[in-house]
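# Geometric and topological summary
Each chain, written out:
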Amino acid sequence: MKKLLNLLVANKNKGKSAVVNQDSGTLKISIDDVIYGDGWGFGAAQLRDALNNFSGDRIEIYLNSPGGDVFEARTMCSMLARETAHKVVYIDGLAASCASWLALCGDEVVMAQGTRMMVHRSWCLSVDNCSGLRKTADILESLDEDMVNDYMSAIEGHGKAVPRDEMRAYVDAETWFSAEQALELGLIDRIEGKKSSNAANFDLSAFENAPKDDEKIAQKAAEIDTKIADLVARNERHLRTLN
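Quick notes on the rules
- Residues numbered from 1 in each chain as written.
- Predicted model: local features only at pLDDT ≥ 70, side-chain atom pairs only at ≥ 80, totals over all residues.
- Heavy atoms only, no water.
- Helix = DSSP H or I, 4+ residues; strand = E, 2+ residues; numbered from the N terminus.
- Polar contact = N/O pair within 3.5 Å; in protein donor to acceptor, adjacent residues only side chain to side chain.
- Contact = heavy atoms within 4.5 Å.
- pLDDT = per-residue confidence, 0-100.
- Buried < 20%, exposed > 50% of the residue type's maximum accessible area, 1.4 Å probe, protein only.
- Arc of directions from axis to C-beta.
- Expected span 1.5 Å × (residues − 1).

### Points about the side chain of Ser 97
- Checked against the element boundaries, Ser 97 lands in the loop between strand E4 (86-96) and helix H4 (98-103).
- There is a polar contact of 2.8 Å between the side chain of Ser 97 and the side chain of His 120.
- Contacts of Ser 97, omitting those with residues within four sequence positions, involve Pro 66, Gly 67, Met 118, His 120 and Tyr 151.

As structure tokens, this is what we get:
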């Protein structure tokens, strides 16, 4: 629970996503945010609005995201899969967690030098008894297997051969692939350009193995913990009121 709340609270309002529909027949979508609906980030509703009035032949997605809601990302992937336009995903900074799924929805996946793709096991928020929590764990395991299936499909589509157990081990370990590593593994098509200097710098303190190139992460951790504790306390008071 704390990890997902940490990710959302720490990165709220940091993004600056935009949709630009050009007359040239190319739809350009910049996703520089967490993957989440309800005003917390860029989600399926915004993507649907962008696609509804588009009839061109090319979609370019410029992606920089620390991840977010698994089901929001899956919905976005399904929407993109139905589009007949040629889809190119450019990873401008980070494609972490469920954002890595979104990246793989492209007919072409391009990472810039200095960018990262991160894979890990699913998280969730759950309040239930022991029986319900066991069922939740089963759902999480099935989501993890879905993720591995997606990564394996991408790898095989690039003509690479990686044992499924190896890919699962990468997911279990929360692995942060460089552009070179992702290309070698077969997750992307090519490396092009350099990391965007305009990409938002997200707080990655929710993750175990995040690259330590942002010195402010550790300094903000205590502040985020305080916000989360306050949120949990307010929810507990609300639950007592309901009881």
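### Here's the deal with the confidence of the model for the chain
- Of the residues in the chain, 76% have a pLDDT of 70 or more, and the chain-wide mean is 82.
- In this model residues 214-221 is a low-confidence stretch, pLDDT under 50, and it forms 6 contacts with partners more than four residues away in sequence or in other chains.

### Focus on helix H2 (residues 44-52)
- Within the sequence span of H2, burial applies to Ala 44, Leu 47, Ala 50 and Leu 51. Seen end-on, H2 carries its buried residues on one side only, within an arc spanning 125°. Opposite its buried face, H2 presents the exposed residues Asp 49 and Asn 52, each directed more than 90 degrees away.

### So, helix H3 (residues 70-81)
- With 12 residues, H3 extends 16 Å from end C-alpha to end C-alpha; this agrees with the ideal 16 Å at 1.5 Å per step.
- For H3, the N-terminal cap is Asp 69; the gap from its side-chain oxygen to the backbone nitrogen of Phe 71 is 2.8 Å.

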